[in-house]
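Below, each chain spelled out in residue letters.
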Amino acid sequence: MTITSPPSRTARRPSRRAPLAGIGHFLAFGAPGLLLYLGLVLVPVIMSVRSSLTDENPLHRSTRYTGLANYRELLGDPAFHRALGNTVIVTAIVVVVPNVLGLGVAILLDRRGRLYHALRAVFFTPVVLSSVVVSVIWQALLTDDGMVNSLLRSAGVDHPPGWLSDPSIALYSVASIIAWQMLGFCVVVYLAGLQGVPPELHEAAALDGAGAGGRFRHVTWPMLAPAVTINTVMLLITAFKAYDHIQVITNGGPGDGTTATIAFSVVTTAFTGNRIGYAAAMSTVMLALVAAISVLALRFLQRREVNL
Amino acid sequence: MTLVLDRERARPGVAARNGRARTWLRPVAAVLVTACFFLPLYLVLANVFKPGDEIVRSPAALPFPPTLDNLTAVLTRTDHLFWFGLINSVEITAISITVLTVLSAMLGHYLARAAGPLPKIALAVLLCGLMVPPAVIMTPITEVLRTLGLMTSVAGVVLSNVGYYVPFGVFVFTGFVKTIPVELEEAAALDGAGRFRTFWQVIFPLLRPASASVLIFLGTWIWNDFLNPLIILGPASGTTVTVGVYRAIGEHQSDYGAVFAFMFLASIPILVFYLAFQKHFVKGLTGGASKG
């Protein structure tokens, strides 16, 4: 450690950095990007929190300060509770399914050669497609008389499930569609992780008498920790943002908000219901949840990485 | 060197011992699993080239003989929904990713090089932005854009994209700038190059792999974006192609030929972009995966 950073070098740092630092460097290189971020993300977040304390509504003449009234209403609002629960279900499916299946597919495709290369590209295609396009594809497949059910009927199933029209199934269908789209992302990240495992480690373990299962558990799996972190964080963000799929496939239904997540409820409450103050209270709760879960997830996942 | 070669030879040996009889198993399984995964995409591709009645009769059949009627119908719509959308999508995506690459490379460079607590705080605040769901800031952004007189304009969508994706660009560039020795910049400064010249002629060309990741990821995200163009551009004719797909399903609920053809055309540019830059795509992901 001392060899890589001798004290003389650190001592010289400030003066050596002088031509790069300073207010001129900040104004020319730092300020433009920071200002745009400030004006279009940070200020809007603050505006949103402030507006959550009002009854802002574009149909009203004036906006009144209402304190915590919106939050009190949220506490007793069954629609919000359902959206919260739906968000938890969608997040669980979207985080777990592509992670598990993605690892399996990556192990299957972890070989050199043209064939495996082409198959990887196929898995990644939905990641590149718009979520609107993916939603329309699956909607065509899963509507009551869609292609999946006509196949089931011709196979002798008299009453195939209403994948998108049955309130008890629709949410799981939508979450699975998001999972299908994200699968290729996990496959590619896991493949990169698998290729980073030095073959020597496998050989050493094999010489010590470890079977395929033992080698996976004790060699491959720990080496994949950074890949698990990337995939999980990426999937968490995707799950929280889930809006497009729900809007296009079910529009929050069937019935009353059976597939509405918080992100979906925020947008519909603000732009369809015009209750901007109330939607802002929802977004503030959502932001707090996202922050808490991100911090917890990162802590947990990175501790796993450090403990290698 | 011989050691390395020995190791490389050892590996296939182990594999062969373990399953010489089953070498066909993996490729067959891989193709079958991929085929199941690909099935939904196949159904769209096949049906783009079939007449409507055939889609209903035999949705899974190969399009034979193939017809281009669905595609020409989309391209010759009287409201030009596809063409207007295409122009907007290209404009929004091209301008956004150019501005974003330049701005976040410069900001990333500043944050990686500047000393002191303030740049550290700025970086932390920026990275928090990676987690903000777009729905949370949608309403206030429309207010900001209305104040600037940019609602229902391409410029408004570009501006909201730039603000929202700066954190991602900075995240990629800051890490990358740190791998470039400061000495290079000092040498250029000693030779009399100003700050901008040093950056554009020495540093920026070295950032090419990072720029490729940023351009490709942001290119696909912005091309595919739904919420921003839907709300900022509004219902005026000619949104983006992605919102156009959404509009097209509203009009032809059950005419899958027309809807699939619209989706097919809307996805071609981004698929070509992906196939052309596939390597960089994987490198962008891989770089992150190995860095953790």
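Report on the accompanying structure.

This part takes up the overall build of chain A. Check the secondary structure of chain A and you find 14 helices and zero strands. In sequence order, the secondary structure elements of chain A are arranged as α-α-α-α-α-α-α-α-α-α-α-α-α-α. Against the compact-globule benchmark of 19 Å for 308 residues, chain A has a radius of gyration of 25 Å, which places it well outside the compact range. Over its C-alpha atoms, taken along the principal directions, chain A stretches across nearly 70 × 70 × 30 Å. Buried residues in chain A amount to 52% of all 308 residues. Surface summary for chain A: the accessible area is close to 14500 Å², and the carbon and sulfur share equals 66%. Measuring between centres, the 22 positive side-chain charges of chain A sit 16 Å from its 15 negative side-chain charges.

Right, let's get into the pattern of salt bridges. Residues and elements named next belong to chain B. The tally for this structure, following the rule as stated, stands at four salt bridges over all chains. One salt bridge connects Asp 79 with Arg 77, and the closest N-O pair in it is separated by 2.9 Å. Notably, a salt bridge pairs Glu 185 with Arg 113, separated by 2.7 Å at the nearest N-O pair. Taken as a pair, Glu 185 in helix H9 (residues 182-190) and Arg 113 in helix H5 (residues 81-113) lie far apart in primary sequence, 72 residues in all. The residues Glu 185 and Arg 113 share a single accessibility class, namely buried.

With respect to the helices and strands, the residue B:Ala212 is situated in helix H11 (residues 208-224). For the pair B:Ala212 and B:Phe277, spaced 65 residues apart in the sequence, the C-alpha separation amounts to 8.3 Å.

Glancing now at the side chain of A:Asp110. With respect to the secondary-structure elements, A:Asp110 resides in the loop between helix H4 (78-109) and helix H5 (114-128). Among buried charged residues, A:Asp110 stands out as having no salt bridge; its nearest opposite-charge side chain is A:Arg111, 4.9 Å away. The contacts of A:Asp110, once residues within four sequence positions are left out, are A:Leu191, A:Leu194, A:Gln195 and B:Arg26.

For the rest of this paragraph, the subject is unusual backbone geometry. With an omega of 0°, the peptide bond between A:Gly253 and A:Pro254 qualifies as cis. With respect to the secondary-structure elements, A:Pro254 resides in the loop between helix H12 (244-249) and helix H13 (262-271). Of note, the bond from B:Phe64 into B:Pro65 is cis; its omega dihedral lies within 30 degrees of zero at -5°. Looking at the secondary structure, you find B:Pro65 in the loop between helix H3 (52-57) and helix H4 (69-75). Even without a glycine there, the phi angle at B:Thr152 is positive, about 50°. Take B:Thr152: it is sitting in the loop between helix H7 (134-147) and helix H8 (154-177). Classification of B:Thr152 by relative accessible area gives exposed; the value is 57%.

On to the interface of chain B and chain A. Quoted interface sizes are often the accessible area lost when the parts come together. Each side of the interface is counted separately: chain B has 88 residues, and chain A has 85 residues. Counting the surface lost from both chain B and chain A, the interface buries some 7900 Å², and carbon and sulfur atoms represent 77% of this. Counting across the chain B and chain A interface gives zero salt bridges. Summed over the shared surface of chain B and chain A, the number is 10 residue pairs in polar contact (both at pLDDT 80 or more). With 14 residues, helix H2 (residues 25-48) of chain B is the largest single contributor of residues to the side of chain B that touches chain A. Residues belonging to the side of chain B that touches chain A are distributed by class as follows: 63 nonpolar, 16 polar and nine charged.

What follows deals with the packing of H5(B) against H11(B). Residues and elements named next belong to chain B. Running from N to C, H5 and H11 cross one another at 145°; their axes reach a closest spacing of 9 Å. The way H5 lies across H11 gives a crossing that is right-handed. Contacts between H5 and H11 involve Leu 86, Ser 89, Val 90, Ile 92, Thr 93, Ser 96, Ile 97, Leu 100 and Thr 101 on the former and, on the latter, Ser 211, Val 214, Leu 215, Leu 218, Gly 219, Ile 222 and Trp 223. Residue classes in the contact of H5 with H11 are distributed as 10 nonpolar, six polar and no charged.

Criteria and thresholds
Residues numbered from 1 in each chain as written. Chains lettered and ligands numbered in written order. Predicted model: local features only at pLDDT ≥ 70, side-chain atom pairs only at ≥ 80, totals over all residues. Heavy atoms only, no water. Helix = DSSP H or I, 4+ residues; strand = E, 2+ residues; numbered from the N terminus. Rg over C-alpha atoms; globule rule 2.2 N^0.38 Å. Buried < 20%, exposed > 50% of the residue type's maximum accessible area, 1.4 Å probe, protein only. Areas by Shrake-Rupley, 256 points an atom, 1.4 Å probe, with all protein chains shown as cover. Lys, Arg positive; Asp, Glu negative; His and termini not counted. Charge placed at Lys NZ, Arg CZ, Asp CG, Glu CD. Salt bridge = Lys/Arg side-chain N within 4 Å of Asp/Glu carboxyl O. Contact = heavy atoms within 4.5 Å. Buried area = accessible area lost by both parts, 1.4 Å probe. Polar contact = N/O pair within 3.5 Å; in protein donor to acceptor, adjacent residues only side chain to side chain. Nonpolar A, V, L, I, M, F, W, Y, C, P; charged D, E, K, R; others polar. Axes fitted to C-alpha atoms, helices over the stretch in contact; angles between N-to-C directions. Left-handed = near helix turned anticlockwise from the far one by under 90°.

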